[in-house]
Amino acid sequence: MATPEEIDVRIGLDLGEEEHYATMLADDSEKLIARCLANDEADIEALTDIGEKHGKADLVIDQPGSIAQLALAVACRRSVPVAYMPGLVMRRAADLYPGEARTYPIDSHVIAGTARTHRKQVQRLDVTDEVLEQMQILNGFDIDLGADVTRVASRLRDALTSTSPALERSLDTRLSHSSVRALLAKYPTPAALRKADKAKLVKTRSPRLANKIADVVFAALDAQTVMVPT
């Protein structure tokens, strides 16, 4: 198996059930490819062929579940090295990139870029049947944790709607962000948020979001003067 130092091209693959999004970066950070491809043997083989034209390529994924199995099998058959980026590493790396939105192109670029610049943050995989089995078990744990997060977010959204619909609407997709949940844990009611000044609200775990969050929170609080019992 090739060592990280021997790799010339990183193929970051953001996986989907029907389509994947691939970003291919050369070792000098040049973007060679950024495009969708089908979850199909021919498309995945064509992608690895393009990578090999530019040197020794590896495939970097961020989830090892069922939707990754075909890509891993193709990589194994063609002797393409595979690296795995754990979810926690992925989330921390994504925070370093500008913008809040998570999209397939952004995620695949984060995967490839992190594998290129932070080689110790990704795990090199010797893709065998035994390893794939172990990864499927780990992925099952990951799915369970994801379901728990979804349930907590739904309960949080329901609680906000019952006390301040304007606040729930203004936070919207930001409720999935850890810094927003930490803010609501510290100031769990509209009254508590109103008593906290803006300087306190901006002290979140993510400075990039801080001012935006404070602005939308106070705008939502101003939109509702009646206090609903909590």
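Above this note sits the structure.
Residues numbered from 1 in each chain as written. Predicted model: local features only at pLDDT ≥ 70, side-chain atom pairs only at ≥ 80, totals over all residues. Heavy atoms only, no water.

### Description of the overall build of the chain
(1) Moving on: Check the secondary structure of the chain and you find 10 helices and 6 strands.
(2) Moving on: The proportion of buried residues among the 230 residues of the chain is 40%.
(3) Moving on: Considering only residue pairs separated by 6 or more positions, the chain has 59% of its internal contacts joining residues 24 or more positions apart.
(4) Moving on: Approximately 12,700 Å² of the chain is accessible, and the part contributed by carbon and sulfur atoms is 53%. (Helix = DSSP H or I, 4+ residues; strand = E, 2+ residues; numbered from the N terminus. Buried < 20%, exposed > 50% of the residue type's maximum accessible area, 1.4 Å probe, protein only. Contact = heavy atoms within 4.5 Å. Areas by Shrake-Rupley, 256 points an atom, 1.4 Å probe, with all protein chains shown as cover.)

### Topic: the sheet that holds strand S5 (residues 82-84)
(1) Moving on: The 6 strands lie next to each other as S3-S2-S1-S4-S5-S6, forming an open sheet whose pairing is mixed. A single partner strand is all that each edge strand has here, and the edge strands are strand S3 (31-38) and strand S6 (123-125). Averaged over all pairs of adjacent strands, the angle between their axes in this sheet comes to 25 degrees, without regard to strand direction.
(2) Moving on: Two strands pair when backbone bridges link them, and strand S1 (residues 9-14) and strand S4 (residues 57-61) are joined in this way by 5 bridges, in the parallel orientation. Bridging from a neighbouring strand, Arg10 pairs with Asp58 of S4.
(3) Moving on: Along the sheet, helix H1 (residues 41-53) makes contact with S1, strand S2 (19-26), S3 and S4, crossing S3 at roughly 170 degrees.
(4) Moving on: Relative to S2, helix H4 (residues 104-117) is tilted by about 40 degrees, and along the sheet it contacts S1, S2, S3 and S4. (Pairing = 2+ DSSP bridges. Axes fitted to C-alpha atoms, helices over the stretch in contact; angles between N-to-C directions.)

### Some details on the nonpolar core
(1) Moving on: If you look at the biggest cluster of nonpolar residues, it comprises 23 residues, and the most contacted ones within it are Ile11, Leu13, Leu47, Leu59 and Ile61.
(2) Moving on: Counting residues per element, the ones that place at least two in this core are S1, S2, S3, H1, S4, helix H2 (69-77) and S5.
(3) Moving on: Sorting elements by how many residues they give to this core places H2 first, with 4 residues.
(4) Moving on: Setting aside residues no more than four positions away along its own chain, Leu47 makes contact with Ile11, Leu13, Ala22, Met24 and Leu37.
(5) Moving on: Membership of the second largest hydrophobic core comes to 15 residues, among which are Ala166, Leu184, Ala196 and Ala220. (Core = buried A, V, L, I, M, F, W, Y, C linked by side-chain atoms within 4.5 Å.)

### Quick notes on helix H7 (residues 178-186)
(1) Moving on: Within the sequence span of H7, burial applies to Ser179, Val180, Leu183 and Leu184. For H7, the buried positions fall inside an angular range of 140 degrees around the axis, keeping them on one side. Exposed residues lying more than 90 degrees from the buried face of H7 are Ala185 and Lys186. (Arc of directions from axis to C-beta.)

### Here we look at H2
Residues spaced three or four apart along an α-helix face the same direction, because each turn holds 3.6 residues.
(1) Moving on: Looking only at H2, the buried set comprises Gln69, Ala71, Leu72, Val74 and Ala75.
(2) Moving on: Looking one or two places after H2, you find Ser79, whose phi comes out positive at around 60 degrees.

### Things to note about the pattern of salt bridges
(1) Moving on: Inspection of the entire model under this criterion finds 7 salt bridges.
(2) Moving on: Taken together, the shared-partner salt bridges connect Glu41, Glu45, Asp49, Arg77 and Arg78 into one network. (Salt bridge = Lys/Arg side-chain N within 4 Å of Asp/Glu carboxyl O.)

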